[in-house]
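# Report on the structure
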Amino acid sequence: MENLISLVNKIQRACTALGDHGEASALPTLWDSLPAIAVVGGQSSGKSSVLESIVGKDFLPRGSGIVTRRPLVLQLHKSEEGSREYAEFLHLPRKRFTDFSAVRKEIQDETDRETGRTKQISSVPIHLSIYSPGVVNLTLIDLPGLTKVAVEGQPDSIVQDIENMVRSYIEKPNCIILAISPANQDLATSDAIKISREVDPTGERTLGVLTKIDLMDKGTDAVDILEGKSYRLKFPWVGVVNRSQADINKNVDMIAARRREREYFANTPEYKHLAHRMGSEHLAKVLSKHLETVIKSRIPGIQSLINKTIAELETELSRLGKPIAADAGGKLYTIMEICRLFDQNYREHLDGVYVSILLFLSSLSHLCPGRYGCRLFDFNYCYRRPGGDKVYNVFDNQLPAALKRLQFDKQLSMENIRKLITEADGYQPHLIAPEQGYRRLIESTLITIRGPAEAAVDAVHSILKDLIHKAMSETPELKQYPALRVEVGNAAVESLDRMREQSKKATLQLVDMECSYLTVDFFRKLPQDVEKGGNPTQSIFDRYNDSYLRRIGTTVLSYVNMVCATLRHSIPKSIVYCQVREAKRSLLDFFYTELGKLEQKRLSALLNEDPAIMERRSALAKRLELYRSAQAEIDTVAWSK
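Residues numbered from 1 in each chain as written. Predicted model: local features only at pLDDT ≥ 70, side-chain atom pairs only at ≥ 80, totals over all residues. Heavy atoms only, no water.

In the nomenclature of an unreviewed UniProt entry, the protein chain is known as Dynamin-related protein 5A isoform X1 of Theobroma cacao. Entered under Subcellular location (unreviewed entry) in the UniProt record, the comment concerning the protein chain runs "Cytoplasm, Cytoskeleton". (UniProt positions renumbered as here; feature names shortened; annotations may be inferred.)

Between helix 16 (residues 450-473) and helix 18 (residues 482-516), the least distance of the axes is 9 Å, while the angle of their chain directions is 160°. Between helix 16 and helix 18, the angle falls in the class roughly antiparallel. Two packed elements cross with a definite hand, and for helix 16 against helix 18 that hand is right-handed. (Axes fitted to C-alpha atoms, helices over the stretch in contact; angles between N-to-C directions. Helix = DSSP H or I, 4+ residues; strand = E, 2+ residues; numbered from the N terminus. Parallel < 35°, antiparallel > 145°, perpendicular 65-115°, else oblique. Left-handed = near helix turned anticlockwise from the far one by under 90°.)

To continue, consider the nonpolar core. Counting residues in each nonpolar core, the largest one holds 99 residues, and the members touching the most others are F59, L128 and I170. At 13 residues, the largest contribution of residues to this core is made by helix 9 (residues 280-320). Filtering out sequence-adjacent residues up to four positions away, I170 remains in contact with A38, V40, C175, I177, I195, V199 and R205. Core analysis: the second largest hydrophobic core is formed by 60 residues, C339, L467, L518 and I571 among them. (Core = buried A, V, L, I, M, F, W, Y, C linked by side-chain atoms within 4.5 Å. Buried < 20%, exposed > 50% of the residue type's maximum accessible area, 1.4 Å probe, protein only. Contact = heavy atoms within 4.5 Å.)

Turning to the side chain of K504, a few remarks are in order. Residue placement: K504 occurs in helix 18. Residue contacts for K504: discarding those within four places in its chain leaves E454, V457 and D458.

All right, on to the pairing of strand 8 (residues 206-211) then. Counting buried residues in strand 8 gives 6 out of 6 residues, a clear majority hidden from the surface. The pairing of strand 7 (residues 175-182) with strand 8 spans 6 bridges and is classified as parallel. Across the sheet, the residue bridging to P182 is T211, located in strand 8. With helix 5 (residues 191-199) bridging strand 7 and its parallel neighbour strand 8, the resulting β-α-β unit is right-handed. As judged from the 2 bridges shared by strand 8 and strand 9 (residues 238-239), these two strands associate in the parallel manner. Each bridged residue has a counterpart across the sheet, and for V209 the counterpart in strand 9 is V238. (Pairing = 2+ DSSP bridges. Right-handed = clockwise from strand over helix to strand, strands pointing away.)

The subject of this paragraph is helix 4 (residues 158-170). Between its first and last C-alpha, helix 4 extends 18 Å over 13 residues, near the 18 Å set by a 1.5 Å rise per residue. All of the buried residues along helix 4 are I158, I162, M165, V166, R167, Y169 and I170. Elements in contact with the buried residues of helix 4: strand 1 (36-41), strand 6 (138-142), strand 7 and helix 5. (Expected span 1.5 Å × (residues − 1).)

Turning our attention to the pairing of strand 3 (residues 86-89). The alternating pattern of strand 3 places Y86 and E88 and A87 and F89 on opposite faces, both of which are buried. As paired elements, strand 3 and strand 5 (residues 126-132) share 4 bridges and run antiparallel to each other. Residue pairing in the sheet places F89 in a bridge with L128 of strand 5. Between strand 3 and strand 4 (residues 92-97), which follow one another and run antiparallel, lie 2 residues.

Structure below.
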């Protein structure tokens, strides 16, 4: 059982070293779950004397007013008989104190380091370990004495501040309250009993200690209190007789004081029947045994809490990402790796790749794994990254609809046909077919297809830009570094802009090619009218009649529709080749080239993440270290059993 107390001692020291003092914070606390004995009492209740009697050494600061201004975690370790007594502070790990007057001075000095030489208080504990053959394995937390008035140099809030600190310790369900009350004062006015009753009304966590029994008025005694008649607690009251101020001034040692304490209870008629459970030595044994029992009952719950918290801390640390590398090569690798993840998300959007819904939700909401089950490959638990389907919608719906909306009737109106044909003939009318007129009519009509072609390029460009924002939002690593996020986003958009210009140029060239070279078969059909009995020797006037012009318009419209059908299939090919394909292949190529030229200072600027995130990651890493250390300590104890 002794190793259980040692186990809690190790975890408590680790908590203090890594900043877990049980205070309210955004981090999980292990300190609050550890069983501990908090020593509570008013000023001049004899609290310090009780602790020194348990230890058997003079080591606590003394004086008027508030002497204890920081919690003192006192860990007692029973060593082998004949071994030397010494003390160690957690903040001075390599220094052993064999002179306990030096221990007293170091407690005062360490208190002043935290609070200054004022009379302020601090909740940051001091850890003191004492190794001696004359102690039992025990851990006590000495808290500032409760007071009713502020003394000179203290703020008016000091009374409430001390009460709040004491309450923050003793209201926790794993805290054992050691309530120190002087017997020469009315128990109803005891500060320790009053505050203990508020947080532990049934008395199940409270152990009562009655001091200054030997200083009670003549004719009075504390038998009713010690027998639990005046105020009943779950555990029997323990009476102690401390050294008087005269004894302290004369440096009466603890061995003599303990002997006199035993003699007092054994020889005083009122307390003789209670002598077997009175005194500081008995109190130490009771506390040690009770603490062991409580620790043993709490270990399973502590293990469960540790395992759960480790998983939560690891999940959040994973979400926050790894800390930044110090060297330029490490920074460059980090940036490239983040860009690779972004690029992969972008391509998956274009390809419509199915991803696990767990991974998708985790990247957005940081949900705990396992919440939606574990059938990762079941399509019911998959999410398809959209994007490619929107590009196809441009080709299958928007482009055809835009081509249909072209007003060819305006270009092929009778008035416009007559105008272009006559202008093309010039001073010499055409002989068989108005070839130049046909060309001008076809060119002027086909040129209107440039509008839908450009619109298709711009529509796909807009979709590709939207996918950049989606891919960035699904790349948690980019959220970690705002400067890098901006640079990657700008580089990707600039790359898409260049691809759009190239695509627009290639796509419009398709239209221009159709305008610059007409299909020969179209003209070969024109002379067939003569062979079929047509009259090529019509008069010039007849050649420009409505019937003739209407037939020219019909022929041109037929040719334009044929070209539209061709471009409807070739324009998407050009856009995919110049925009979609290139976006998948080389979205960040230019950025990578420029990245290799950057100096370390500029690389550091790109990885200059939010200070709040850096601070949070550091705090989480320390807290995770604490919980893993505690887990290892508990596992060691479990295996030893």
